[in-house]
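# Working through the structure, step by step
In case you want the letters, here they are:
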Amino acid sequence: MPDRFAPVGDCFHDLLATGRETGAGLTIWYDGHPVVDLGADSRGAWRPDTLVNVYSVGKPVAALCLLLLVDRGRLDLDDPVATHWPGFHAPATVRQVLNHTAGLPTFPVARPAEAVADWELLCADLAAADPEWEPGSVAGEHAWTYGHLVGELVRRVDGRSVGRFLAEEIADPWRLDLGFGLGAADQRRCVDLSYGDPAWPVRMLGEPGSLRARALSNPPGGLDLAVVNSPLWRGALVPAVNLHATASALARLYAGLAADGTLDGVRLFSTELVAEATRVQYDGPDLVLDRRACWTLGMQREPDGSWGMGGIGGSSAWADPERGYVFAYATAHLADHDRVDELVEVLHSCL
């Protein structure tokens, strides 16, 4: 690590020493090169290839699978979803699915936790659903449903599952250690998630019966440690919330996007596609987040021009083109996001 960024490392290790963090990976690129690459936990068992369930940080990764097909001319952003997914009921477009305005933020049929492993069942539920609002009129983060909407479009257009498509078309050529629907060998590299506060899951759901609570609680188990640390969850395709990744892989992904779609000489995305994917598509109230949100095609964009995605519990990854850095944090300690804010404040002081 260059001396310039040593304060970031000090901050990271202080989080562990004080118990505010129990296990995480942190990778930062600056000016096109990695400058920070750390990983540690309170048991001394963290490895460079430790995989973490990073929750919504996976949404842009799923979106990129569909966007790669758009870039290749296999479909258009303004195509109706039903053009590629016969029987899809809601009058939403591909773009509206990608920018969280499709009106389908909840699975409409109550299902048990085991349903996370039944891709066809949950996609059929979404295909038959009436939208909660007129598609395109307002946004609401499609917290659990996003990956099924995007992933089923990938499957309908390409024929491969979104997990296989990600592995073969993005992860392999860019050498990214991440994936959806892990096999047994990769599951053995996963770290168990834990709560920073036993009340955290209840707090994250919000008011009972609210759109947020409905979006996060069906199928149940997405905030239940017994479920998310299980082989069922790790092996399932739940692309909105169960990407397993290293911080290094997430940083490499964003470094490639920040370089207009090229990483280590391998171009995956056109400059035009990256520009469209990272520009503001919707700026206004978000009915699930219950605050104002600025959505691109799969990511959030901040007023300073940075773009990326945070996950419930604290993982986060984004690019800040103005300041010239990429930041990725993968935490197994589900708590509020103040750790990331503290690390970024120290990083900015080093620039």
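Structure: above.
What you are looking at is a predicted structure, and each value in this text was computed from that prediction instead of being measured.

## Quick notes on the side chain of S56
Note that S56 resides in the loop between β3 (52-53) and α2 (59-71). With a relative accessible area of 8%, S56 lands in the buried category. Within polar-contact distance, the side chain of S56 engages the side chain of E141 at 3.4 Å. Residue contacts for S56: discarding those within four places in its chain leaves E141, A240, V241, M309, G310 and G311.

## Here we look at the sheet that holds β3
In spatial order, the strands read β3-β6-β4; together these three strands make up an open sheet with antiparallel pairing. Edge strands, defined here as strands with exactly one partner in the open sheet, are β3 and β4 (178-179).

## Here we look at the packing of helix α1 (residues 6-17) against helix α15 (residues 338-350)
Contact pair α1 / α15: the axes reach a minimum separation of 9 Å and the direction vectors enclose 160°. Judged on the interaxial angle alone, α15 and α1 are roughly antiparallel. Note that α1 runs across α15; the crossing there is right-handed. Side by side, α1 and α15 meet where P7, V8, C11, F12 and L15 of the first sit next to R339, E342, L343, V346, L347 and C350 of the second. Tallied by class, the residues present in the contact of α1 with α15 amount to nine nonpolar, no polar and two charged.

## Side note on the packing of helix α5 (residues 119-128) against helix α6 (residues 146-158)
Here α5 crosses α6 at 105°, and the two axes come no closer than 10 Å. In this view, α5 runs roughly perpendicular relative to α6, as classed from their interaxial angle. Across from W119, L122, C123 and L126 in α5, the residues of α6 making contact are G147, H148, L149, G151, E152 and R155. Classifying every residue of the contact of α5 with α6 gives five nonpolar, three polar and two charged.

## Focus: α5
Those residues of α5 that sit buried are W119, L122, C123, D125, L126 and A127. Against the buried residues of α5 lie α6 and α7 (162-174).

What counts as what
Residues numbered from 1 in each chain as written. Predicted model: local features only at pLDDT ≥ 70, side-chain atom pairs only at ≥ 80, totals over all residues. Heavy atoms only, no water. Helix = DSSP H or I, 4+ residues; strand = E, 2+ residues; numbered from the N terminus. Buried < 20%, exposed > 50% of the residue type's maximum accessible area, 1.4 Å probe, protein only. Polar contact = N/O pair within 3.5 Å; in protein donor to acceptor, adjacent residues only side chain to side chain. Contact = heavy atoms within 4.5 Å. Pairing = 2+ DSSP bridges. Axes fitted to C-alpha atoms, helices over the stretch in contact; angles between N-to-C directions. Parallel < 35°, antiparallel > 145°, perpendicular 65-115°, else oblique. Left-handed = near helix turned anticlockwise from the far one by under 90°. Nonpolar A, V, L, I, M, F, W, Y, C, P; charged D, E, K, R; others polar.

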